[in-house]
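Residue-level structure breakdown
So you can see what is in the structure, the chains are spelled out below.
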Amino acid sequence: MDLHTAHFEKINSVLDAQRKEIIQHPVYKNIKTLNDVRTFMEFHVYAVWDFMSLLKSLQNHLTCVAVPWFPTEDRDSRYLINEIVVGEESDIDLNGNRLSHFELYLNAMEACGANTSGIHRFVNALKAGKTIEESFEIAETPEAAREFVRFTFHVIAQQETHLLAAVFTFGREDLIPDMFHSIIEDIDKELPDTVSLFKYYLDRHIEIDGDHHSHLALQMTANLCGEEEQKWKEVAEVSSMGLQKRVTLWSGVLEEITKSLATA
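Residues numbered from 1 in each chain as written. Predicted model: local features only at pLDDT ≥ 70, side-chain atom pairs only at ≥ 80, totals over all residues. Heavy atoms only, no water.

**Overview of the side chain of Ser100**
In this structure, Ser100 sits in the loop between strand E2 (98–99) and helix H4 (101–112). Not counting the four nearest positions on each side in its chain, Ser100 is found in contact with Met52, Glu88, Glu89 and Ser90. (Helix = DSSP H or I, 4+ residues; strand = E, 2+ residues; numbered from the N terminus. Contact = heavy atoms within 4.5 Å.)

**Considerations on unusual backbone geometry**
Across the junction of Val67 and Pro68, the peptide omega takes the value 5 degrees, indicating a cis bond. Structurally, Pro68 can be placed in the loop between helix H2 (34–62) and helix H3 (75–89). A positive phi is found at Asp193, a non-glycine position, where the angle reads about 75 degrees. Here Asp193 is to be found in the loop between helix H9 (178–190) and helix H10 (196–225).

**Digging into H9**
One turn of the α-helix equals 3.6 residues, which is why residues spaced by three or four share an orientation. Compared with the 18 Å implied by 1.5 Å per residue over 13 residues, the 19 Å span of H9 between its first and last C-alpha is a close match. Those residues of H9 that fall on the buried side of the exposure criterion are Phe180, His181, Ile183, Ile184, Ile187 and Asp188. When H9 is viewed along its axis, its buried side chains cluster within an angular range of 160 degrees and face the same direction. Residues of H9 that are exposed and point more than 90 degrees away from the buried face comprise Asp178, Lys189 and Glu190. (Expected span 1.5 Å × (residues − 1). Buried < 20%, exposed > 50% of the residue type's maximum accessible area, 1.4 Å probe, protein only. Arc of directions from axis to C-beta.)

**A short note on the environment of Ala47**
For Ala47, the position within the fold is in helix H2. Taking the relative accessible area as the measure of exposure, Ala47 reaches 1% and is therefore buried. Put simply, Ala47 and Ala145 are 98 residues apart on the chain and 7.4 Å apart in space, counted from C-alpha to C-alpha.

**A look at the packing of aromatic side chains**
Given two aromatic rings, their pairing is described by the distance between the two centres and the angle made by the two planes. For the structure shown, the criterion picks out 16 aromatic pairs. When the centroid spacing of 4.9 Å and the interplanar angle of 45 degrees are considered together, the rings of Phe40 and Trp250 count as tilted. You can see Phe40 sitting in helix H2 and its partner Trp250 sitting in helix H11 (residues 229–263), a full 210 residues away along the chain. Centre to centre, the rings of Phe180 and Phe198 are 5.9 Å apart; their planes meet at 75 degrees, and the pair counts as edge-to-face. (Phe/Tyr/Trp six-rings, centres within 6.5 Å; stacked < 30°, edge-to-face > 60°.)

**Thoughts on the nonpolar core**
Nonpolar side chains tend toward joint burial in soluble globular proteins. Counting residues in each nonpolar core, the largest one holds 85 residues, and the members touching the most others are Phe198 and Met220. In terms of residue count, H2 provides more of this core than any other element does, 16 residues in total. Leaving out residues up to four positions away in the same chain, Phe198 has contacts with Val37, Phe40, Met41, Tyr105, Ala108, Phe180 and Ile184. (Core = buried A, V, L, I, M, F, W, Y, C linked by side-chain atoms within 4.5 Å.)

Put into structure tokens, the structure is as follows:
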């Protein structure tokens, strides 16, 4: 057995229970209406945004983005991250227009009537030089989304490429179960064109992230850990922490949906 394969099997066995907890999270059974989908997206958009931040942090570390330019040492990882960046930052929408997955998600939110004002205030505050915490306040970001983003930026701040790769690779958007896809399809049939862009976004993640990008990310993680057992141990630990933040995010969505039902 390949040594890296053995490491990944060990990591997957460690994370298996948490993956199941996410896939079987009760939030999915409680998403029944278009309003519920909107609530889900208003939380989830922060995870889509910070995924792009994680991606660009990896690119900053593994390639040269400064002038004058110099080649980085890890040629293989340089290729892998650039290949992933192209797909995530310059994908295509239903009409063949180039855009990032974050922009695609915003378009999907607008198409189904979800509120995008919060995430726009958040991004604009950051552009204006505000801190993450100040931007949360300005945007009135839900607490569960704040906790998710805080963890991601805690990992980014450590500037350890194997940790960045771990959080990027394990437990991101590939953990949305088939049940959720079925719910979106049913709503799309009932209310044509309201969630068609969101359905397209999910389908693109299955097609690109669930197949091609996941293999590239696994190889990148293996390159960055090499034969250092301590790094593999840290990959498992930080990945587990990342999955727990996903559980917290979904629980925040569920709480908001339940609260909306109680006041309806």
